[in-house]
Amino acid sequence: TIGVVRLSQLNRDLETFATVRTTELIESATLLENVTKSAIQMRNLLLFDDQKQVKAEIAAVQAASEANKAILDRLNKQVTPGKMQELFKAVLDTRATYVPQQDELLKIADSGDHATAKDLMLGRVLQSQLRYIGAIKHFSDNVVEETRQDAQKAHDNFSSGRAMIISLAVLALL
């Protein structure tokens, strides 16, 4: 009976890993990649003289922003309570500050006012962008750490369950 309990705990640990941690790992890595790529595209806005190229970069940043919103919506439905929830809230809070500034920059760049766009990018937007990326990175790093802890717990439960089953089998033979 004790061995069955240990195996049940191992099964729960593996389910958590498969359904929660793996999704958090993938989604947070994708989010970080999207935001970093968008940061590059936003800087490109300041480099391009051709308004056609500027509009293409604006469209790419807006598409990434929508994709990021979808990622955050999916993560929000399953983020684990406690520290991970607090770190996720920090991601949402920094995004709430960043997105309006990003939108303002895109609007100014779309109008062709590169000097104002540059000033805005190098001022408020850059700082806000760095805080947003930092919050995502912090969340992602903690997902990795919790995944390591979950893997260790699963290993410990497996080892304990195996030892228990072997011990019971030896006792049964006596």
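Described in the following lines is the structure provided in the data block.

Thresholds, definitions, all that
- Residues numbered from 1 in each chain as written.
- Predicted model: local features only at pLDDT ≥ 70, side-chain atom pairs only at ≥ 80, totals over all residues.
- Heavy atoms only, no water.
- Helix = DSSP H or I, 4+ residues; strand = E, 2+ residues; numbered from the N terminus.
- Rg over C-alpha atoms; globule rule 2.2 N^0.38 Å.
- Buried < 20%, exposed > 50% of the residue type's maximum accessible area, 1.4 Å probe, protein only.
- Lys, Arg positive; Asp, Glu negative; His and termini not counted.
- Charge placed at Lys NZ, Arg CZ, Asp CG, Glu CD.
- Core = buried A, V, L, I, M, F, W, Y, C linked by side-chain atoms within 4.5 Å.
- Contact = heavy atoms within 4.5 Å.
- Phe/Tyr/Trp six-rings, centres within 6.5 Å; stacked < 30°, edge-to-face > 60°.
- Expected span 1.5 Å × (residues − 1).
- Polar contact = N/O pair within 3.5 Å; in protein donor to acceptor, adjacent residues only side chain to side chain.
- Salt bridge = Lys/Arg side-chain N within 4 Å of Asp/Glu carboxyl O.

Further remarks concern the overall build of the protein. Check the secondary structure of the protein and you find four helices and zero strands. For the protein, the α and β elements follow one another from N to C terminus as α-α-α-α. Taking 2.2 N^0.38 as the reference for a compact globule, 174 residues should give roughly 16 Å; the C-alpha atoms of the protein span a radius of gyration of 23 Å, well beyond that estimate. Out of the 174 residues belonging to the protein, those deemed buried represent 36%. Between the averaged position of the 21 positive side-chain charges in the protein and that of its 22 negative side-chain charges there is a distance of 3 Å.

To continue, consider the nonpolar core. Ranked by size, the top nonpolar core spans 32 residues in total, and within it Leu 31, Met 42, Val 91, Tyr 132 and Phe 139 carry the most contacts. Secondary-structure elements contributing two or more residues to this core are helix H1 (2-47), helix H2 (51-76), helix H3 (83-111) and helix H4 (114-173). When sequence neighbours within four positions are dropped, the list of residues in contact with Val 91 reads Leu 31, Leu 72, Tyr 132, Ala 135, Ile 136 and Phe 139.

Moving on, we come to the packing of aromatic side chains. Here the structure, examined in full by the defined rule, presents two aromatic pairs. Aromatic side chains Phe 88 and Phe 139 sit 5.7 Å apart centroid to centroid with 55° between the ring planes, which places their arrangement in the tilted category. Residue Phe 88 is found in helix H3, and its partner Phe 139 is found in helix H4; the two are separated by 51 residues along the sequence. What makes Phe 139 buried here is its relative accessible area of 2%.

As a further point, take the environment of Gln 152. Along the chain, the position of Gln 152 falls in helix H4. Along the chain, Gln 152 and Glu 15 lie 137 residues apart, while their C-alpha atoms are 14 Å from each other.

This brings us to the environment of Ser 28. For Ser 28, the position within the fold is in helix H1. Using a relative accessible area of 1% as the deciding quantity, one classes Ser 28 as buried. Separated by 111 residues in sequence, Ser 28 and Phe 139 have C-alpha atoms that sit 7.6 Å apart. In this view, Ser 28 contacts Leu 75, Ile 136, Phe 139 and Ser 140; residues no more than four positions away in its chain are not counted.

Think of an α-helix as 3.6 residues a turn; residues three or four steps apart then line up on the same face. Taking 1.5 Å per residue as the helical rise, H2 with its 26 residues ought to reach 38 Å, and the 37 Å between its terminal C-alpha atoms agrees with that figure. Burial in H2 covers these residues: Val 54, Glu 57, Ile 58, Val 61, Ala 64, Ser 65, Asn 68, Ile 71, Leu 72 and Leu 75. The opening residue of H2, the one whose side-chain oxygen lies 3.1 Å from the backbone nitrogen of Lys 52, is Asp 50.

For the structure on display, the rule yields seven salt bridges. A salt bridge links Arg 74 to Glu 27; the shortest N-O distance between them is 2.6 Å. With Arg 74 in helix H2 and Glu 27 in helix H1, this pair connects stretches of sequence that are 47 residues apart. Of the residues examined, Glu 27 reaches a relative accessible area of 11% and is grouped as buried. The partner of Asp 141 in a salt bridge is Lys 137, with the nearest N and O atoms 2.8 Å apart. Placement of the pair is Asp 141 and Lys 137 together in helix H4, with a separation of four residues, close to one helical turn. With relative accessibility at 36%, the residue Asp 141 sits in the partly exposed group.

Distances and angles like these do not, on their own, reveal function.
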